[in-house]
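Examination of the molecular architecture
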Amino acid sequence: MSRLISDKYKQWEAECNNRFDTLKANEEQLNEIFIEIYGLQDELTPDVDDKDVTVRKADLTREIKSLKLAGIQSPVTFTGKVKPPEKIQNYWTVMKSLMSIEM
């Protein structure tokens, strides 16, 4: 099992996409049932737009922005210097919890 965050993100992204696709299919199936029950075949379709599905798909840019907004920063500066240990520990604690990885 890989320990790279990028691999964990890909795994999480696949799980999100699967959850999204399943929920969308369920919502469309429910729409079909209600359309049939109420005789609305000539007025409605069971299709659900992606924007109307109640769970989000994974979005790397959005996730990175949310980490930055939460004040989570990389333990290495742009100059390549390592930040103080307490900041590194905080970073890895948050990353492990977000990505559910074992270190």
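So, a few notes on the structure that sits alongside this text. (Residues numbered from 1 in each chain as written. Predicted model: local features only at pLDDT ≥ 70, side-chain atom pairs only at ≥ 80, totals over all residues. Heavy atoms only, no water.)

Moving on, we get to the overall build of the protein chain. Tallying secondary structure elements over the protein chain gives 3 helices and 0 strands in all. Within the protein chain, the proportion of its 103 residues that are buried is 17%. A separation threshold of at least 6 residues defines the contact pool for the protein chain, and within that pool the share at least 24 residues apart is 53%. Accessible surface for the protein chain amounts to roughly 8,200 Å². Of this, 55% is attributable to carbon and sulfur atoms. (Helix = DSSP H or I, 4+ residues; strand = E, 2+ residues; numbered from the N terminus. Buried < 20%, exposed > 50% of the residue type's maximum accessible area, 1.4 Å probe, protein only. Contact = heavy atoms within 4.5 Å. Areas by Shrake-Rupley, 256 points an atom, 1.4 Å probe, with all protein chains shown as cover.)

Spanning 33 residues, helix 1 (residues 5-37) covers 47 Å between terminal C-alpha atoms, matching the ideal 48 Å at 1.5 Å per step. Along helix 1, the residues classified as buried are Lys 8, Tyr 9, Cys 16, Phe 20, Glu 27 and Ile 35. Phi turns positive, to about 60°, at Gly 39, one or two residues after helix 1. (Expected span 1.5 Å × (residues − 1).)

A cluster of nonpolar side chains, Leu 30, Ile 33, Phe 34, Ile 37 and Tyr 38, forms an exposed patch at the surface whose accessible area comes to about 540 Å². Checked against the element boundaries, Ile 37 lands in helix 1. (Patch = residues over 30% accessible without salt bridge, like charges linked within 9 Å, V, L, I, M, F, W, Y side chains within 5 Å. Salt bridge = Lys/Arg side-chain N within 4 Å of Asp/Glu carboxyl O.)

Now for the packing of aromatic side chains. Summed over the entire model, instances satisfying the criterion amount to 1 aromatic pair. Considering the side-chain rings of Tyr 9 and Trp 12, the 5.7 Å spacing of their centres and the 50° angle between planes classify their relative orientation as tilted. Note that Tyr 9 and Trp 12 are positioned in helix 1 at a spacing of 3 residues, about one turn of the helix. Judged by its relative accessible area of 28%, Trp 12 is partly exposed. (Phe/Tyr/Trp six-rings, centres within 6.5 Å; stacked < 30°, edge-to-face > 60°.)

Further remarks concern the pattern of salt bridges. Any two side chains of opposite charge can pair, so long as their charged atoms come close to each other. Following the criterion strictly, the structure yields 2 salt bridges and no others. For Lys 24, the salt bridge identified is with Asp 50, shortest N-O distance 2.7 Å. Within this pair, whereas Lys 24 is found in helix 1, its partner Asp 50 is found in the loop between helix 1 and helix 2 (60-69), the two being separated by 26 residues in sequence. With its nearest N and O atoms 3.4 Å apart, the salt bridge here joins Asp 52 to Lys 51. Relative accessible area serves as the criterion here: at 43%, Asp 52 is assigned to the partly exposed category.

What follows covers the environment of Glu 13. As for its placement among the helices and strands, Glu 13 is situated in helix 1. Taking the relative accessible area as the measure of exposure, Glu 13 reaches 28% and is therefore partly exposed.

From the geometry alone we can't say anything about function, so treat these as descriptive.
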